[in-house]
Amino acid sequence: MSTGGFKPKKSVALSGTAAGNTAICTVGITGNDLHYRGYDILEFATEAEFEEIAYLLVHEKLPNKAELAAYKKKLQGYRDLPNSVKTVLEQLPKSTHPMDVMRTGCSALGCMEPEDEKHPKDAARDIVDRMVACFGSILLYWYHYSHNGKRIELVTDDDTVGGHFLHLLHGQKPKESWVRAMHTSLILYAEHEFNASTFTARVVAGTNSDMYSALIGAIGALRGPKHGGANEAAFRIQERYSSPDAAEADIKERMAKKEIIIGFGHPVYTLSDPRNVVIKEVAKSLAQENGNTLMFDVAERIESVMWDAKKMFPNLDWFSAVSYNQMGIPTDMFTPIFVIARTTGWGAHVIEQREDGKIIRPSANYIGPENLEFIPLEKR
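None of the values given here were measured: they were computed from a predicted structure.

Draft legend 1. Structural detail: unusual backbone geometry. Residues other than glycine seldom take positive phi values, yet Arg37 does so here, at roughly 45°. With respect to the secondary-structure elements, Arg37 resides in the loop between β2 (34-36) and β3 (39-40). One non-glycine residue with positive phi stands out, namely Asn371, at about 55°. Inspection of the secondary structure assignment puts Asn371 in the segment after α15 (334-356).

Written out as structure tokens, the structure is:
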């Protein structure tokens, strides 16, 4: 497929280099588009439920009503955790970063419910579904125990992944508008071709390792502020300001000093991030519903400043930060929500890489010294 006017970016290693084949996703073919298995995300991001798109990515087709109902029931049955995993989570201190909790919880569950070494495809899909369903349980069991000394019940009657997360976090059934916002956010974060964390998962899968190891590697990659951690960094920028005017003045000063403003630009998109227009509306709606638009107004003003000065557009992380804050989600949990969503994409890519059957082993350009004479230890 053509990538239009895309030019490799010097700041991104391997930018523009095709590292494999995929039937899962296309990113930025026209400069600002995103498709999941051939479907344009703008056609369903505000209407579909996350579980529909999870099914599409993991099970390779859009579900009908009966299949969706069965799938949601399956996910509901996957929410609880073995006592042994809860014990592991109880050992993690309050100061643990939530992404480290996600990594550790996934590893612990992989020990208790290991994957068959033959990696049957249906069983691999079951593991992906299991992790999508219980990652929220892992995070919030640890959170309530470490912060409040409470061992919470992980099974709720919510029939959505996002609703379950918000229910466990706040201890009550969430508003429908919040559940809808979570559907849209999780859909937008679900898949993004050969991004850093997905490529990490495929590298691990290429060695014929297990699903849990691939997911753990992906979590490690996503944890960095240049990748998934950007949504946390974005909110920490936004919360500095008491008004849009203060934000504009300070951001201009920082740009004059060549400071990088996280949440803007993208390694692949050249015109705009197609997800931004969707999540921006979600953020605006939530802010208006809560009667507090300060963070949205600040974020929107910085968006204008960045475009006017640098022609840089916000990526998905920028207004996602506003959306999550409006739903009372702690900032350190922003990236773990990314994990819950992207597990669908990661899992689909692991399965696809296994079918490809090849190990990924690129070459390197050596830039070190050559032909040095070895000096024996006693002469050094």
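Draft legend 2. Local environment of the packing of aromatic side chains. Per the counting criterion, the structure on display carries nine aromatic pairs. Seen in terms of ring centroids, Tyr55 and Tyr71 are 5.1 Å apart; in terms of plane orientation they differ by 85°. Their pairing is edge-to-face. With Tyr55 in helix α1 (residues 50-59) and Tyr71 in helix α2 (residues 65-76), this pair connects stretches of sequence that are 16 residues apart. Tyr71 shares its class with Tyr55; the two are buried. The interplanar angle of 55° and the centroid separation of 4.6 Å between the aromatic rings of Phe264 and Trp318 together place this pair among those described as tilted. Of this pair, Phe264 sits in the loop between α11 (244-256) and α12 (274-290) while Trp318 sits in helix α14 (residues 316-326); the two residues are 54 residues apart in sequence, bridging distant segments of the chain. With respect to class, Phe264 is no different from Trp318; both count as buried. The rings of Phe235, Tyr324 and Phe334 are connected pair by pair, giving a single aromatic cluster.

Draft legend 3. Spotlight on the sheet that holds β3. Spatially, the three strands line up as an open sheet ordered β1-β2-β3, and their pairing is antiparallel. Where the open sheet ends on each side, the last strands, each with one partner, are β1 (25-27) and β3. Pairing geometry for β1 and β2, over three bridges, is antiparallel. From the neighbouring strand, Cys25 faces β2, where its bridge partner is Tyr36.

Draft legend 4. Up close: the environment of Ser213. With respect to the element layout, Ser213 can be found in helix α9 (residues 211-222). Given a relative accessible area of 28%, Ser213 falls into the partly exposed group. Here the alpha-carbon distance between Ser213 and Ile41, two residues 172 residues apart in the chain, equals 29 Å.

Draft legend 5. Expanded view of the side chain of Glu352. Along the chain, the position of Glu352 falls in helix α15. In this structure Glu352 comes out as buried when scored by relative accessible area, which is 14%. Leave out the neighbours within four places in its chain, and Glu352 touches Asn21, Thr22, Ala23, Ile24 and Arg202.

Draft legend 6. Summary view of the packing of helix α13 (residues 294-310) against α14. With their axes 10 Å apart at the nearest point, α13 and α14 run at an angle of 175° to one another. Considering their axes alone, α13 and α14 lie roughly antiparallel with respect to each other. The segment α13 lies against α14, with Met295, Phe296, Ala299, Glu300, Ile302 and Glu303 engaging Trp318, Phe319, Val322 and Asn325. Grouping the constituent residues of the contact of α13 with α14 by class yields seven nonpolar, one polar and two charged.

Draft legend 7. Quick peek at the side chain of Asn195. With respect to the helices and strands, the residue Asn195 is situated in the loop between α7 (176-189) and α8 (196-206). Taking relative accessible area as the criterion, Asn195 reaches 12% and is therefore assigned buried. Among the polar contacts listed, one links the side chain of Asn195 to the side chain of His227, at a separation of 3.4 Å. Reaching out from Asn195, the side chain makes a polar contact with the side chain of Arg342 at a distance of 3.4 Å. In this structure, Asn195 is in contact with His227 and Arg342, ignoring residues within four places of it in sequence.

Draft legend 8. Quick look at the pattern of salt bridges. In the structure shown here, the tally under the stated rule is 28 salt bridges. Glu60 is paired through a salt bridge with Lys121; the nearest N and O atoms lie 3.1 Å apart. Of this pair, Glu60 sits in the loop between α1 and α2 while Lys121 sits in helix α5 (residues 121-148), and the two are 61 residues apart along the sequence. Assessed through its relative accessible area of 30%, Lys121 is described here as partly exposed. Ionic contacts of the salt-bridge type, sharing partners, join the residues Glu60, Lys121, Asp122, Arg125 and Glu355 into one network.

Criteria and cut-off values
- Residues numbered from 1 in each chain as written.
- Predicted model: local features only at pLDDT ≥ 70, side-chain atom pairs only at ≥ 80, totals over all residues.
- Heavy atoms only, no water.
- Helix = DSSP H or I, 4+ residues; strand = E, 2+ residues; numbered from the N terminus.
- Phe/Tyr/Trp six-rings, centres within 6.5 Å; stacked < 30°, edge-to-face > 60°.
- Buried < 20%, exposed > 50% of the residue type's maximum accessible area, 1.4 Å probe, protein only.
- Pairing = 2+ DSSP bridges.
- Contact = heavy atoms within 4.5 Å.
- Axes fitted to C-alpha atoms, helices over the stretch in contact; angles between N-to-C directions.
- Parallel < 35°, antiparallel > 145°, perpendicular 65-115°, else oblique.
- Nonpolar A, V, L, I, M, F, W, Y, C, P; charged D, E, K, R; others polar.
- Polar contact = N/O pair within 3.5 Å; in protein donor to acceptor, adjacent residues only side chain to side chain.
- Salt bridge = Lys/Arg side-chain N within 4 Å of Asp/Glu carboxyl O.

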